[in-house]
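Survey of secondary and tertiary structure
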Amino acid sequence: MPAVSKGDGMRGLAVFISDIRNCKSKEAEIKRINKELANIRSKFKGDKALDGYSKKKYVCKLLFIFLLGHDIDFGHMEAVNLLSSNKYTEKQIGYLFISVLVNSNSDLIRLINNGIKNDLASRNPTYMNLALHCIANVGSREMAEAFAADIPRILVAGDTMDSVKQSAALCLLRLNRTSPDLVPMGDWTARVVHLLNDQHLGVVTAATSLITTLAQKSPDDFKTSVALAVARLSRIVTSASIDLQDYTYYFVAAPWLSVKLLRLLQCYPPPEDAALRGRLTECLETVLNKAQEPPKSKKVQHSNAKNAVLFEAIALIIHHDSEPTLLVRACNQLGQFLQHRETNLRYLALESMCTLASSEFSHEAVKTHIETVINALKTERDVSVRQRAVDLLYAMCDRSNAKQIVAEMLSYLETADYSIREEIVLKVAILAEKYAVDYTWYVDTILNLIRIAGDHVSEEVWYRVIQIVINRDDVQGYAAKTVFEALQAPACHENLVKVGGYILGEFGNLIAGDSRSSPLVQFNLLHSKFHLCSVPSRALLLSAYIKFINLFPEVKVTIQEVLRSDSQIRNADVELQQRAVEYLRLSCIASTDILATVLEEMPPFPERESSILAKLKRKKGPSKLPDIDDARRNVNGSTEHSSNTESTSKSSPSLVADLLPTNRPRPASSAPIMFSAGTMSSQPSTDLLGLSPAPSVGVSPAPSAGASLLVDVFSDSPTPASVDVSEDNFSRFVCKNNGVLYENQLLQIGLKSEYRQNLGRIYVFYGNKTSTQFLSFSSSVASEETLKTHLNIHAKPVDPIVDGGAQVQQILNIECVSDFTAAPVLNIQFRYGGTLQNVAVKLPVMLNKFFQPTEMRSQDFFQRWKQLGAPQQEVQKIFKAQHPMDTEVTKAKIIGFGAALLDGVDPNPANFVGAGVIHTKVTQVGCLLRVEPNTQAQMYRLTLRTSRDTVSQRLCDLLSQQF
């Protein structure tokens, strides 16, 4: 790179920077900057033409002012003119200014592109590097369209300098990440692979990064890179550090390049060529051998570089999963790290061993470290390391160690962090069910789980234990006896009461022979918990009571008195009142035979995939959850066991449908009546098959879950042509961030928002108000074309199934690029009862959400108020009050709007003034506001002054609607 001569020191810039640093206050700094901006503007507009040095100096000053956080709205053309200079320093400053200040929508992009094209065609390596750096820094779609075809030619040209090849490779990588559809695949792809053989390791490093990214998109086009990558890797790992002096980092030869080559090899399966495969195995063995050697330096940089290569090599060994010797050696190496003093190494070792535990070759080797992992679970200070230890115990579990691991997890659960308790509960429940040889142990484990962490035991867990108990005759009596004893504790968790009510209602007769658990004792025990439970649990207990009348006629009178009491028959909750009335009448008028038929024992459940496992996979993500089948999974993609992985990867049906099929009652209270005539009928009506017309959004009837599934499979409902956008609650969110945005008979949408500077995050909660699943549930955010350039919104995917009475969450990440007026629209689509439902809601993302309050003194406020006195900077509106004029409410609305409420600033104490800054990605806009109420006339005068007229107008329109 050319050296900068002493004449290019730009003394004027140094003096200006010194003046800024010497300013005693913010006001003095702003005054000095304004003085300098006026001077620069006069120089640019003056009659005298500026030479290159002066342009460069003034552009540098503008760049410095911008980096201090001030707006720069001129000087762009002068910076573009510097691109045509023949002096390196002037061209460099021009490119620097463009890279920092010019956005992709600028009108100058065409001129900038012409300057870049000239430099790329100049064959001057210094100018070409500057141009390539600028393209990569801006990375806009316009630049990708202009240069995506030229850069590959520069990259593979024979006469291109090494430094330019590096820049071209990294520039192409950047364009591929921002606009992958514009990077063409052509003849150059075969030639770029051969850059892996380049003598210059900098070129090889840049080319490897590019090839790895492109290989993930088009693996077939870069298959030949495997042999070259193995050859290059072999030369690196077998060389001495002195052979690669320029690329040796603390006695480790080219660690960054080694890591990149190992990652590239992970894009492909093991090489089929035996010689190539042997050479790669030799490389990996060498890396493992070097890890055993004593360190050549005590500095942390040496160990970090050495371990980086080691962990990437282990990741490749796990990916290939074809060399048992290497897998076991990798496991042993990781085992040594489990007790390392460095926390990060322990974390990475546990994480890698979780994957190794899924391999049939290394599973037994992983199991040998069980005591070390259990000790880590008990003694680790870092919660993230403890969580990885839980994951590893889960992954290494099999029939030989299941009881030990479950016992350790239960022991740890009592002191575990609340953030990971639910996950541990799910894993314990899965392992207990998966490896239960004796189902009495399973029942004991689940009841112990509810006792220890009842609040974190989801419905999936206790549904599942009921399903298993009903399906296994040999455990029903033991379950009834165990749950009866557990309920005698003074304090029982509500989930235990639910399990107890359900199991005793079905199998209480199996323990009724003992006087200590006679029917009346069982009933009194359950009823003693009744007043402590929630409405769904009370509904379940009422169903257990009516079951008792069938099982134990001797307690019929006692139970009828309870059902007849005012607390039941006149209960404020409609569900409980209806159950009490109907159960009472059923017990009074039905004969013994009818009662026995209607209240007969639940039939066995059909065997299905565990809903607990499905929930854990949704919680952790399919890629993070290790397989726990006895036959272990082949990590590189093939499967060695016969489990139904396809059904596992899909979202499971609702747990109600999973555990309690639609032709019989569910244990929770969402079914209106537990024993209705239609439910037990042997001749189902057409309504049960879902053949009646499905209700639309405005209709409240809710068919059964089974009906909605049948209609969804066979219906051919057309998609509605258009949907009206709901704006009912939009204005309510101008001054608040949380609340209900939309609600109808089927769906409720709630929002919880948080904003910081130009970034925001919205948590959207979709609540299913019916007892029927929403299927094919999806939501997306749509914006007008003009809004897309001002507001970036990324919506994370939402669960496609919403169970009846359940709620799912979606996260929206928002970035304000520049000021805007319109609002995005949230589109929701789902199937309910076989009919496709569409809802469109205006999303309350307004400009004031990116307001940051600013405290100001009275003197500073009015000084700034006068500075913003230009006609286009002020917007004023006089309007009639739409709500009662309350002082405290007005203050709350101004604060909720985002501005800092400034007390004692306005001479009139009845007026309100506020200040703040609107943050966008491209600029910051200061804002001052003044609200003047006239209580006699019931009117307001609102005045807003900002440095941008569009911002003033938009904020005025939003705030005036709130009073």
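This is a predicted model, so every value here is computed, not measured.

A tally of helices and strands in the chain yields 42 helices and 17 strands. For the chain, the proportion of its 963 residues judged to be buried stands at 52%. Pairs at least 24 apart in sequence give 69% of the contacts found in the chain among residues at least 6 apart.

All right, on to the sheet that holds strand β11 (residues 835-842) then. Reading across the sheet, the four strands line up as β3-β11-β10-β7 and stay open at both edges, with mixed pairing between neighbours. For this open sheet the edge positions go to β3 (725-726) and β7 (775-782), each flanked by a neighbour on one side alone. Pairing between β7 and strand β10 (residues 825-832): six bridges, direction antiparallel. Across the sheet, the residue bridging to Val781 is Leu826, located in β10.

Turning our attention to the packing of aromatic side chains. Overall, the coordinates contain 23 aromatic pairs when judged by the stated rule. Ring centres of Phe861 and Trp865 lie 5.7 Å apart, and the angle between their planes is 25°; on these two criteria the pair is classed as stacked. With Phe861 and Trp865 both in helix α40 (residues 858-867) and four residues apart, this pair spans about one turn of that helix. Since its relative accessible area comes to 11%, Trp865 is described here as buried. The positively charged end of Lys842 is found above the aromatic ring belonging to Phe730, 4.8 Å away from the centroid.

Moving on to a nonpolar patch on the surface. Taken together, the side chains of Leu67, Leu96 and Val100 present a nonpolar region at the surface, about 260 Å² in accessible area. Inspection of the secondary structure assignment puts Leu67 in helix α3 (residues 52-67). On the accessibility criterion, Leu67 (59% relative accessible area) is exposed.

A sheet is described by the order of its strands in space; here five strands give the open sequence β4-β5-β6-β9-β8, paired in antiparallel fashion. Both edges of this open sheet fall to β4 (738-743) and β8 (791-795), since each of them pairs with a single strand only. Neighbour-to-neighbour, the strand axes of the sheet open up by a mean angle of 25°, direction not taken into account. Of the strand pairs in this sheet, strand β6 (residues 759-768) and strand β9 (residues 807-816) are connected by nine bridges, and their pairing is antiparallel.

At a minimum axis separation of 9 Å, helix α1 (residues 11-21) and helix α2 (residues 26-45) run at an interaxial angle of 155°. With respect to α2, the axis of α1 lies roughly antiparallel. The handedness of the crossing between α1 and α2 is right-handed. Of the residues in α2, those touching α1 at Phe16, Asp19 and Ile20 are Glu29, Arg32, Ile33 and Glu36. Residue composition of the contact of α1 with α2, by class: three nonpolar, no polar and four charged.

Scoring rules and cut-offs
- Residues numbered from 1 in each chain as written.
- Predicted model: local features only at pLDDT ≥ 70, side-chain atom pairs only at ≥ 80, totals over all residues.
- Heavy atoms only, no water.
- Helix = DSSP H or I, 4+ residues; strand = E, 2+ residues; numbered from the N terminus.
- Buried < 20%, exposed > 50% of the residue type's maximum accessible area, 1.4 Å probe, protein only.
- Contact = heavy atoms within 4.5 Å.
- Pairing = 2+ DSSP bridges.
- Phe/Tyr/Trp six-rings, centres within 6.5 Å; stacked < 30°, edge-to-face > 60°.
- Lys NZ or Arg CZ within 6 Å of the ring centre and 35° of its normal.
- Patch = residues over 30% accessible without salt bridge, like charges linked within 9 Å, V, L, I, M, F, W, Y side chains within 5 Å.
- Areas by Shrake-Rupley, 256 points an atom, 1.4 Å probe, with all protein chains shown as cover.
- Salt bridge = Lys/Arg side-chain N within 4 Å of Asp/Glu carboxyl O.
- Axes fitted to C-alpha atoms, helices over the stretch in contact; angles between N-to-C directions.
- Parallel < 35°, antiparallel > 145°, perpendicular 65-115°, else oblique.
- Left-handed = near helix turned anticlockwise from the far one by under 90°.
- Nonpolar A, V, L, I, M, F, W, Y, C, P; charged D, E, K, R; others polar.

All quantities given are derived from atomic positions and should not be read as evidence of function.
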